[in-house]
Amino acid sequence: MKSLFKGIVTIVILGALLAAGALWYAQPQAALDLSYNDLPVREKLAAMVINLKPEAVLTEQEVGDLLKKALARKPELRPGVKLTGARFFLQGERLAADVTLLLQDRWKVGARLNFDLVWNEPYLTAVHTGTVVRDVTVPGEWLSLQSIQVDLNDYMPRHVAIRDVAFEGSTVRVTFGLRL
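Thresholds, definitions, all that
- Residues numbered from 1 in each chain as written.
- Predicted model: local features only at pLDDT ≥ 70, side-chain atom pairs only at ≥ 80, totals over all residues.
- Heavy atoms only, no water.
- Salt bridge = Lys/Arg side-chain N within 4 Å of Asp/Glu carboxyl O.
- Helix = DSSP H or I, 4+ residues; strand = E, 2+ residues; numbered from the N terminus.
- Buried < 20%, exposed > 50% of the residue type's maximum accessible area, 1.4 Å probe, protein only.
- Pairing = 2+ DSSP bridges.
- Axes fitted to C-alpha atoms, helices over the stretch in contact; angles between N-to-C directions.
- Contact = heavy atoms within 4.5 Å.
- 1 Å grid on protein atoms, 1.4 Å probe; cavity = no way out; pocket = protein on both sides within 12 Å on 5 of 7 lines; lining within 4 Å.
- Points joined across faces, edges and corners; volume = space filled by probe spheres on them.
- Nonpolar A, V, L, I, M, F, W, Y, C, P; charged D, E, K, R; others polar.
- Domains from an automatic or database assignment.

(A) Layout of the pattern of salt bridges. For the structure on display, the rule yields 7 salt bridges. Linking R87 and D98 is a salt bridge whose minimum nitrogen-to-oxygen distance equals 3.9 Å. With a gap of 11 residues between them, R87 in strand β3 (residues 81-91) and D98 in strand β4 (residues 94-103) connect regions that are remote in the sequence. The exposure class of D98 is buried, given its relative accessible area of 17%. The partner of D98 in a salt bridge is R112, and the shortest N-O contact between them spans 2.7 Å. Of the two residues, D98 sits in strand β4 while R112 sits in strand β5 (residues 107-120), which places them 14 residues apart along the sequence. Residue classification places R112 among the partly exposed residues on the basis of a relative accessible area of 32%. Overlapping salt bridges bring together E55, E168 and R173 as one network.

Quick look at the structure:
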């Protein structure tokens, strides 16, 4: 009986140590938040007029700000998982986000979320393709996120429509036309 009790205590202690080690390992590596700047639409439109080209280039920071704005509206990614910070990295049609997650309103976890960017008029959509915590890939069944959608037409004057979106390295080129 005494050895059974010692065995149970040992298992409990080992489980607690493993859980503590996993939480320590998953701690965020940087302080991140969900603050963002609004897209400078007037400046983009003024640049179009000056350059006589119906297009604008969105920087990596601007694309990140658009996505942060969408995420800040609904930071709970799924029950028990809340996004508290993000920083985005754009490479063509691929997007990575270093994020801080709050699990069960208690534990902070740093992760990298990977996305594919897709243009389906009128939405710029980031489709979640995977999650990595440091060097450990998280199984899709454990953390699968809904797509993030940004309606780019919300940022345009009523008579301007988006004709095309091209992903170019760390920028996104948006071509415009008149809405009929």
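(B) Just the sheet that holds strand β1 (residues 55-59), in detail. Sheet architecture is open: 3 strands sit in the order β1-β10-β9, paired in antiparallel fashion. Looking at strand neighbours, the two that pair on one side only are β1 and β9 (160-168), the edges of this open sheet. Recorded for the sheet is a direction-independent mean angle of 25° between the axes of neighbouring strands. One ladder, built from 8 bridges, connects β9 with strand β10 (residues 171-178); its direction is antiparallel. The residue of β10 that forms the bridge with D164 is T175. Sitting on the sheet, helix α3 (residues 60-73) is in contact with β1 and β10, with an inclination near 80° to β1.

(C) Highlighting the layout of surface pockets. Its volume calculated, the second largest pocket comes out at about 280 Å³. What lines the second largest pocket is a set of 16 residues, among which L71, L77, Q146, S147 and I148 lie closest to the centre. When the residues that make up the lining of the second largest pocket are grouped by side-chain class, the tally is 11 nonpolar, 3 polar and 2 charged.

(D) The domain arrangement of the protein, seen in detail. Splitting the protein by domain gives domain 1 (1-30) and domain 2 (32-178). A separation of 38 Å is found between the C-alpha centroids of domain 1 and domain 2.

(E) Just empty space enclosed by the protein, in detail. Applying the stated criterion across every chain, the model contains 1 cavity of 30 Å³ or more. If you add up the space inside the largest cavity, you get close to 110 Å³. What lines the largest cavity is a set of 13 residues, and nearest its centre among them are L39, A56, L58, M156 and F176. Mapped by element, the contributors of at least two residues to the lining of the largest cavity are α2 (41-51), β1 and β10.

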